[in-house]
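Examining the three-dimensional arrangement
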Amino acid sequence: MMALEICRGVPEHARRHAVILYWGAFGGKLSRVLGPDRQGLRFVDRVLDKDHAVSALHGGELIGVIGYRSVQGGFVYGTQGDLRAVYGRFGAFWRGLCFAWLARDIENRAFMVDGIVVREDWRGKGVGAALIDAACDKARRKGYSHVRLDVVARNTRARALYTRMGFEVTRERRSLITAMMFGFRRVLVMERRL
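Residues numbered from 1 in each chain as written. Predicted model: local features only at pLDDT ≥ 70, side-chain atom pairs only at ≥ 80, totals over all residues. Heavy atoms only, no water.

Here the focus is the overall build of the protein. A count of helical and extended segments in the protein gives six helices and eight strands. Listed by position from the N terminus, the elements making up the protein come as β-α-α-β-β-β-α-β-α-β-α-β-α-β. Here the protein holds 194 residues, and 49% of them are scored as buried. Within the protein, residue pairs in contact and separated by at least 24 positions form 72% of the contacts whose partners lie at least 6 positions apart. Element-wise, carbon and sulfur atoms account for 51% of the exposed surface of the protein, whose accessible area totals about 10100 Å². (Helix = DSSP H or I, 4+ residues; strand = E, 2+ residues; numbered from the N terminus. Buried < 20%, exposed > 50% of the residue type's maximum accessible area, 1.4 Å probe, protein only. Contact = heavy atoms within 4.5 Å. Areas by Shrake-Rupley, 256 points an atom, 1.4 Å probe, with all protein chains shown as cover.)

Among the nonpolar cores identified, the biggest contains 28 residues, and Ile-66, Leu-131, Ile-132, Tyr-162 and Phe-167 are the most heavily contacted of them. When residues of this core are traced back to their parent elements, those giving at least two are strand E2 (53-58), strand E3 (61-70), strand E5 (111-118), helix H4 (127-141), strand E6 (146-152), helix H5 (156-164) and strand E8 (186-193). Looking at this core, the element that brings in the most residues is H4, giving seven residues. Counting 26 residues, the second largest nonpolar core, distinct from the first, contains Ala-14, Trp-23, Leu-30 and Ala-92. (Core = buried A, V, L, I, M, F, W, Y, C linked by side-chain atoms within 4.5 Å.)

Before going further, it helps to examine the side chain of His-52. In this fold, His-52 is placed in the loop between helix H2 (37-47) and E2. A distance of 2.8 Å separates a polar atom in the side chain of His-52 from a polar atom in the side chain of Asp-49. Dropping the residues within four chain positions of it, His-52 is found in contact with Ile-66, Gly-67, Tyr-68, Arg-69, Ser-70, Gln-72, Gly-73, Gly-74 and Phe-75. (Polar contact = N/O pair within 3.5 Å; in protein donor to acceptor, adjacent residues only side chain to side chain.)

Turning next to H4. Taking 1.5 Å of rise per residue, 15 residues should cover 21 Å, and H4 covers 21 Å from first to last C-alpha, within 8% of that figure. After H4 finishes, the residue Gly-143 shows a positive phi value of roughly 90°. (Expected span 1.5 Å × (residues − 1).)

A separate point is the packing of aromatic side chains. Following the criterion strictly, the structure yields six aromatic pairs and no others. On the basis of an interplanar angle of 45° and a centroid distance of 4.8 Å, the ring pair of Tyr-22 and Phe-26 is categorised as tilted. Of this pair, Tyr-22 and Phe-26 are both found in helix H1 (residues 15-34), four residues apart, which corresponds to roughly one turn of the helix. Its relative accessible area of 8% is what places Tyr-22 among the buried residues. (Phe/Tyr/Trp six-rings, centres within 6.5 Å; stacked < 30°, edge-to-face > 60°.)

Between side chains of opposite charge, a pair can form when the charged atoms approach closely. Scanning the entire structure with this criterion turns up 10 salt bridges. The salt bridge involving Arg-15 is made with Asp-45; its shortest N-O contact spans 2.8 Å. Here Arg-15 is found in helix H1, whereas its partner Asp-45 is found in helix H2, with 30 residues between them in sequence. Taking the shortest distance from any N to any O, the salt bridge between Asp-137 and Arg-140 comes out at 2.8 Å. Here Asp-137 pairs with Arg-140, and both are found in helix H4, just three residues apart, close to one helical turn. Judged by relative accessible area, which is 35%, Asp-137 ranks as partly exposed. (Salt bridge = Lys/Arg side-chain N within 4 Å of Asp/Glu carboxyl O.)

Everything listed is a geometric property; what it means functionally is a separate question.
Below you can see the structure in the form of structure tokens.
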């Protein structure tokens, strides 16, 4: 693999690219609630917290990012006020209910991964593994005993990477409500002990 730079956060010059990369990876799942694309991108741009991430750069260009959550917030973590600013009062209300349902299982005992994305032309070259290792190092330094992530069960490529990186399925969640709101019914909760 060519020279890869792993850095804390998202550099300011790469912030907009991180927004586009994130929406490209997760917009398909989130567009039922955050769409259309123009509004979804606007929302992600508004709430993306560059300090809740680890980035992979090549020649100064962002090629991948892994976000995480903490008690201070998350990589893409908006408030009701953020939703209202983008979608209006009614739009914010029902979207807030959808995300409250999705976030009901969040815990503070684990270091929570809040999305990982690698630019398409860099997939399969070790970038995802490098980002996961960097996030695990960060979690270890913060005193966490394990890292947790949720993955849509049908995302076999991501599941294979996480399994290779030492994550194990600890439980499965099924929900007709998430199927209607986000287009996926089964989510696997995966954890890696540090």
